[in-house]
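Below, each chain spelled out in residue letters.
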Amino acid sequence: MPRNGPAEEGGDSRTVLIPGGTFRMGSNKHYPEEAPVHRVSIDAFRIDTTPVTNRQFDEFVRATSYVTFAEIPPDPNDYPGALPHMLYAGSLVFSPPAHPVDLSNWSEWWTFLKGADWRHPYGPKSSIKGLEDHPVVHVAYTDALAYAHWVGKSLPTEAEWEFAARGGLDDAEFAWGDQFTPGGKHLANTWQGNFPHQNNCDDGFARTSPVTTFPPNGYGLYDMIGNVWEWTSDFYAPKHEADAAKACCIPQNPRGAREQDSYDHCQPQVKIPRKVLKGGSHLCAPNYCRRYRPAARHAEPIDTSTSHVGFRCVSRV
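The rules we used
Residues numbered from 1 in each chain as written. Predicted model: local features only at pLDDT ≥ 70, side-chain atom pairs only at ≥ 80, totals over all residues. Heavy atoms only, no water. Helix = DSSP H or I, 4+ residues; strand = E, 2+ residues; numbered from the N terminus. Buried < 20%, exposed > 50% of the residue type's maximum accessible area, 1.4 Å probe, protein only. Contact = heavy atoms within 4.5 Å. Areas by Shrake-Rupley, 256 points an atom, 1.4 Å probe, with all protein chains shown as cover. Pairing = 2+ DSSP bridges. Axes fitted to C-alpha atoms, helices over the stretch in contact; angles between N-to-C directions. 1 Å grid on protein atoms, 1.4 Å probe; cavity = no way out; pocket = protein on both sides within 12 Å on 5 of 7 lines; lining within 4 Å. Points joined across faces, edges and corners; volume = space filled by probe spheres on them. Nonpolar A, V, L, I, M, F, W, Y, C, P; charged D, E, K, R; others polar.

Student: Before we go on, may I ask you to explain the overall build of the chain in this structure?
Tutor: Regarding its fold elements, the chain presents three helices and eleven strands. Listing the helices and strands of the chain from first to last along the sequence gives β-β-β-β-α-β-β-α-α-β-β-β-β-β. Its C-alpha atoms give the chain principal-axis dimensions of roughly 60 × 50 × 40 Å. The buried share of the chain, taken over its 317 residues, is 49%. Put simply, of all contacts in the chain between residues at least 6 apart along the chain, 73% involve residues at least 24 apart. Surface exposure of the chain reaches about 14700 Å², of which carbon and sulfur atoms provide 53%.

This is the structure we're talking about:
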């Protein structure tokens, strides 16, 4: 049964009511998957002011005895021919190299680490002690969905998430305006330096940060940009639909692509659905993955968890 969370009550300080409206979704200026810009209309909804934290997720696990995807060893039947010692519970952890590497090969800085999970974000010897107010990570899509159901909420659609992230600034480049660091001030937890080997930590953080560290956007929402990518409920498509020719045809509360369209076309033999991630993370850098913008989007297989992906929830009015 879902827990009756205060999000269903108008006075909960941990959620914000986002008014419905029509906005220009996407961008024609950056990565091809963000285009084309198109008008979308959405109804009002409530959204968590922050990503779900380790403290909140711990409450969920204690109440339900839930086991995350990263904590479950793979079924050998799903991986015929795999050696037994290669099948273990774990998750992808960012492991920065000591020198410049080929930026087209993500395996240079990601390691599938045995024993990495939400309780042990950097491997079996790590813990979340002192990270209670950091966003929970190493959550696969099913884990995020399970938590959302427990609190009586849902995961946001891509359109809902982007509308909320813009904070009322429909045409702005970032969630706070058109300058990335206005006056030299960092307004989100991102990467400074040459990714992935050099992080200057000018914003004060090498990894995740407490969820209210940086200023909120115009709707009072924290960490809509940077810190961790966030799951949405929409299946991924490599581009947006074209803009409606007439105002009467603007999509209302769109729900993304079809599941079969979300498969990775570069691996046709793999039929794993992918969902849209939004917001960028602390690993987004000027020289790599400039996705610290509301329009930015990324595909993530639903069976994948990493040290830089989390989520927040919504409830629809």
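Student: What is the right way to read the sheet that holds strand β7 (residues 229–235) from this model?
Tutor: Pairing between sheet strands relies on hydrogen bonds along the backbone, with the strands arranged either parallel or antiparallel. The mixed open sheet is built from four strands, whose spatial order is β9-β8-β7-β10. Either end of the sheet is taken by a strand with one partner, and the two such strands are β9 (297–301) and β10 (309–310). Note that β7 and β10 share two bridges and pair parallel. Bridge assignment links W229 to a residue of β10, and that residue is V309. Most of the contacts of helix α3 (residues 158–166) go to β7, to which it runs at about 140°, and overall it touches β7, β8 (274–278) and β9.

Student: How should I be thinking about the sheet that holds strand β11 (residues 314–316) in this particular structure?
Tutor: Pairing within the open sheet is antiparallel, and its three strands lie in the order β1-β4-β11. Each edge of the open sheet carries a strand with a single partner, namely β1 (15–18) and β11. Taking the axes of each pair of neighbouring strands and ignoring which way they run, one obtains an average angle of 20° across the sheet. In terms of strand pairing, strand β4 (residues 45–48) meets β11 through three bridges, oriented antiparallel.

Student: Where do I start with the pairing of strand β3 (residues 38–42) in this structure?
Tutor: Working note: regular strand, side chains alternate between the two faces of the sheet. With respect to burial, β3 is a largely interior element, four of its five residues being buried. Sheet topology note: the strand β2 (residues 21–25)/β3 ladder contains five bridges and is antiparallel. By the bridge assignment for β3, R24 is matched with R39.

Student: Sorry, what's going on with empty space enclosed by the protein here?
Tutor: A water-sized probe, rolled over the atoms, reveals where empty space remains. Taken as a whole, this structure holds one cavity of 30 Å³ or more when the rule is applied. In this structure, the largest cavity encloses a volume near 50 Å³. Considering the residues around the largest cavity, the lining is formed by N54, P121, Y122, I128, L131, H134, P135, V137 and T208. Across the lining of the largest cavity, the residue classes break down as six nonpolar, three polar and no charged.

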